Amino acid sequence: MVHQLDGTQNEWGWCKQKLGANAILAVCKAVKNIPLYKEFMILPVGASSFKEAMKTGCEVYHHLKAVIKKKHGQDATNVGDEGGFAPNIQENKEGLELLKTAIDKAGYTGKVVIGMDVAASEFYGKDKTYDLNFKEENNNGSQKISGDQLKDLYKSFVSEYPIVSIEDPFDQDDWETYAKLAAEIGAKVQIMGDDLLVTNPKRVAKAIDVNQIGSVTESIEAAKMSKQAGWGVMTSHCSGETEDTFIADLAVGLSTGQIKTGAPCRSERLAKYNQLLRIEEELGSDTIYAGASFRVAVEPY
């Protein structure tokens, strides 16, 4: 069964379709991730260790709760599926402003920066436009924009806010606009292809030349290919996933430099945080926290 699962060549495979995350983990510790939500994230790059980074993240998180409560009321501090706040903001800049304010109040301006997970495939239409008003049924299409217009919108955000990472800024098959954005701001901002690459070695190969599906074997292959191309690699969690801490071990074992986890209040996230703390304590002085160098790929192997 393990051999069959690792040998799957198509994007899903029978086992990946029929088994849930916990069942697959029990078989071979494979992880599948399908991003479903639009997110704003913080990166505590000014920390000197994971322990300090976790402390920083928690402090900003609680300041953010107070900022949201003051502006939107108590009900707005309820958390979403991934443990993050989900206030009824009306446009993207409002979310960025809330984060900027929380970071400042926590005393970490310059030490904590911002990342975005746009999941743009969710609002990409058959007419090859991006509908910024996609949540409203039967809308008049007045907020549909082209890939180039969306690209310029991201660039305006980057010019106003300390954004260092944008995940899934375009549709998973919009290769051309991905390439344009990477060429224009890629030196300053990490452009992440989660939906674009889906831990699929074939799509990674295509991206080098121009919904996570990887088993452990496929993930290692994709990580090696990415590093050989000079890319950074991020190990990402899945909403509502198992509490098994394997993803933390995998991230350290692959020396990915990054691990994307949710807000520090759900049990599965706490388990991973705790495992990373244990690993850092065990490694001692051999531990390297990437910090501001999170985009720098380790030596290929």
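Residues numbered from 1 in each chain as written. Predicted model: local features only at pLDDT ≥ 70, side-chain atom pairs only at ≥ 80, totals over all residues. Heavy atoms only, no water.

An unreviewed UniProt entry lists the protein under the name phosphopyruvate hydratase, from Nicotiana attenuata.

1. Points about the confidence of the model for the protein
The predicted model of the protein has a mean per-residue pLDDT of 78, with 72% of residues at 70 or higher. In the model of the protein, helix α1 (residues 2-6) stands out as the element of lowest mean pLDDT, 39, in contrast to helix α6 (residues 147-160), which has the highest, 96. Contacts from residues 1-12, a stretch scored under 50 in pLDDT, to residues over four places away or in other chains number 28 contacts. (pLDDT = per-residue confidence, 0-100. Helix = DSSP H or I, 4+ residues; strand = E, 2+ residues; numbered from the N terminus. Contact = heavy atoms within 4.5 Å.)

2. Things to note about helix α4 (residues 50-72)
Between its first and last C-alpha atoms α4 spans 32 Å; for 23 residues at 1.5 Å apiece the expected length is 33 Å, and the two agree. The first or second residue beyond α4 is G73, which carries a positive phi of 95°. (Expected span 1.5 Å × (residues − 1).)

3. Quick notes on the pattern of salt bridges
Under the criterion given, the structure shown has nine salt bridges. K155 serves as the salt-bridge partner of E184, at 2.7 Å between the closest nitrogen and oxygen. On the criterion of sequence distance, the pair formed by E184 in helix α7 (residues 175-185) and K155 in helix α6 is long-range, its members being 29 residues apart. Overall, K155 belongs to the partly exposed group, its relative accessible area being 30%. Several salt bridges share partner residues, and in doing so they unite K151, D152, K155 and E184 into one network. (Salt bridge = Lys/Arg side-chain N within 4 Å of Asp/Glu carboxyl O. Buried < 20%, exposed > 50% of the residue type's maximum accessible area, 1.4 Å probe, protein only.)

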